[in-house]
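Here is what each chain is made of, one letter per residue.
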Amino acid sequence: MGEPVIPIVNSRHKGLAAPAPLESLPAAGSLRDLRGRPLRDLRISITDRCNFRCTYCMPKEVFGSSYQYLPHAELLSFEEITRLARLFAALGVHKLRLTGGEPLLRKNVEQLIEQLAGVRTLEGEPLDITLTTNGALLARKAKALKAAGLSRVTVSLDGLDDEVFQRMNDVGFPVGEVLAGIEAARAAGLAPIKVNMVVKRGTNEHEILPMARHFRGTGIALRFIEFMDVGATNRWRMEQVLPSSEVLKLLQAEFPLVPLAHTAAGETAERWGYAGADGAHDPQLGEIGLISSVTRAFCGDCNRARLSTEGQVYLCLFAGQGYDLRALLRGGASDEQITGAIAAIWAGRSDRYSELRASLPPDDQAGGARRVEMSFIGG
Ligand code: SAM
Ligand code: SF4
Ligand code: SF4
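Residues numbered from 1 in each chain as written. Chains lettered and ligands numbered in written order. Predicted model: local features only at pLDDT ≥ 70, side-chain atom pairs only at ≥ 80, totals over all residues. Heavy atoms only, no water.

Peer 1: Could you clarify how one ought to interpret the site of ligand 2 in this entry?
Peer 2: Close to ligand 2 lie Cys50, Phe52, Cys54, Tyr56, Cys57, Met58, Gly101 and Asn134, which account for all nearby residues. Partitioned by chemical class, the residues of the shell around ligand 2 number six nonpolar, two polar and no charged. (Near = heavy atom within 4 Å. Nonpolar A, V, L, I, M, F, W, Y, C, P; charged D, E, K, R; others polar.)

Peer 1: It is not clear to me how the site of ligand 3 should be interpreted in this structure. Could you clarify?
Peer 2: If you check the shell around ligand 3, you find 13 residues, and the closest are Cys299, Cys302, Cys316, Leu317 and Ser354. Elements with a contribution of two residues or more to the shell around ligand 3: β11 (304–307) and α10 (353–356). Of the residues belonging to the shell around ligand 3, the class tally is seven nonpolar, one polar and five charged. (Helix = DSSP H or I, 4+ residues; strand = E, 2+ residues; numbered from the N terminus.)

Peer 1: Teacher, can you tell me more about unusual backbone geometry here?
Peer 2: Across the chain, the bulk of peptide bonds are trans and the bulk of non-glycine residues have phi less than zero. Residues Ala191 and Pro192 are joined by a peptide bond in cis, for which omega reads 0°. Mapped onto the elements of the fold, Pro192 is located in the loop between α5 (175–188) and β6 (194–199). Here Asn108, not a glycine, exhibits a phi torsion of approximately 60°, which is positive. Assignment of secondary structure puts Asn108 in the loop between β3 (95–99) and α2 (109–116). With a phi angle near 60°, Asp170 is a residue other than glycine that sits in the positive phi range.

Peer 1: Explain the packing of aromatic side chains to me, please; I cannot follow it from the model alone.
Peer 2: The relation between two aromatic rings is expressed through the spacing of the ring centres and the mutual angle of the planes. Inspection of the entire model under this criterion finds six aromatic pairs. Arranged with centres 4.4 Å apart and planes meeting at 25°, the rings of Phe318 and Tyr353 form a pair that is stacked. Of this pair, Phe318 sits in the loop between β12 (312–314) and β13 (323–324) while Tyr353 sits in helix α10, and the two are 35 residues apart along the sequence. An identical accessibility class is assigned to Phe318 and Tyr353; each is buried. (Phe/Tyr/Trp six-rings, centres within 6.5 Å; stacked < 30°, edge-to-face > 60°. Buried < 20%, exposed > 50% of the residue type's maximum accessible area, 1.4 Å probe, protein only.)

Peer 1: When you look at helix α1 (residues 78–90) in this model, what are you seeing that I'm missing?
Peer 2: Quick reminder: α-helices carry 3.6 residues per turn. Residues three or four places apart thus point the same way. For α1, built from 13 residues, the straight-helix expectation of 18 Å at 1.5 Å per residue is met to within 8% by its first-to-last C-alpha distance of 18 Å. Counted residue by residue, α1 has 10 buried out of 13 residues, so it is predominantly covered. Listed as buried for α1 are Phe78, Glu80, Ile81, Thr82, Arg83, Leu84, Ala85, Leu87, Phe88 and Ala89. (Expected span 1.5 Å × (residues − 1).)

Peer 1: Just checking my understanding: could you explain the nonpolar core for this structure?
Peer 2: Side chains of a nonpolar character, in soluble globular proteins, are inclined to be buried together. Ranked by internal contacts, the top residues of the largest apolar core, which has 115 residues, are Leu39, Phe88, Val153, Phe224 and Leu251. Here this core gets seven residues from one element, more than from any other, and that element is α1. Not counting chain neighbours up to four residues away, the residues in contact with Val153 comprise Thr130, Leu131, Leu138, Ala185, Leu190, Pro192, Ile193 and Lys194. (Core = buried A, V, L, I, M, F, W, Y, C linked by side-chain atoms within 4.5 Å. Contact = heavy atoms within 4.5 Å.)

In structure tokens:
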């Protein structure tokens, strides 16, 4: 008999109150956590709802018709999100990624993007605003998103074969409509576009090469993501992880690839470029990325914080607990108090789950530990 699935949704637990604000803020941009890592990237989940039921993220048996999503009043409002984005930017954040759930399901998401486009970095530059989407609503919304100030998009697509993809999204959504969404994003200038493919051994590894052939030479970077043990509901097993090293071997058997340098500190993907006849990277052919969160931890320079749909900040994708910034926002705290609280939270951060995974007892690796669901804090 299979193990019972116990939906433990941590963000329903009241998050910890934020620690007392730092007495004095670190000098602009100098904030570091306990491992010397700066805060540069904020991922914001703007809805806990989704129109897909990807088996690795929101399995139907847990997120069924009786599942209780957050009532609207519990979500951070656009004004609250924008205020927090401004305060995070004052602490060194340069990049915002909107996610979810499915971020394009949030009503008037364009208005939120317009507000966020007004936020400036410490250097006075606009933030790099991007969004991760399943692509279902992208064909309809790409132009408006671009006009609102979105820089680019990442689209998730787990295969080109309809049967495989529909089994994975579990709502029968066709590949063709996601491809149309990608095309619309390109036409709207939401570039460079990235495509994320979660690879699950025994489910879609035979889609790796067709996906690579399809996107090679299109200017779209395809990234292969190892199936991760996020949340507590996706029944993750190590045997279902296809290590990136194997993905690379498969690709190298067909395409000459050369390693590329990281473009930014804290980058999650290991980049490989398609080589031309001379053996050097041919930018026309493009590149692929390998995101090896399971087999090759990249915690060492992880500069990402995550803001959940209901306003808790999480310091790691695998964290069990968040810090309740909404309580501060709605309790009348000043900008200085909230900034001080965020700085204190970051200064006390030591998270490095992926580095520790292998040494944890198996129950803690496979969602046995109380972890927040990915659909609450995004990817
Ligand atoms: N709904 C949007 C989407 O699917 O692009 C945004 C949210 S989704 C949680 C963000 C990313 O996380 C997607 O690329 C998705 O494929 C990835 N993801 C979700 N569950 C995962 C898992 N268990 N392992 C690896 N990646 C996962
Ligand atoms: Fe929805 Fe994205 Fe999760 Fe799939 S991965 S269920 S599209 S939130
Ligand atoms: Fe960052 Fe946590 Fe992932 Fe490590 S496991 S890279 S600390 S989010």
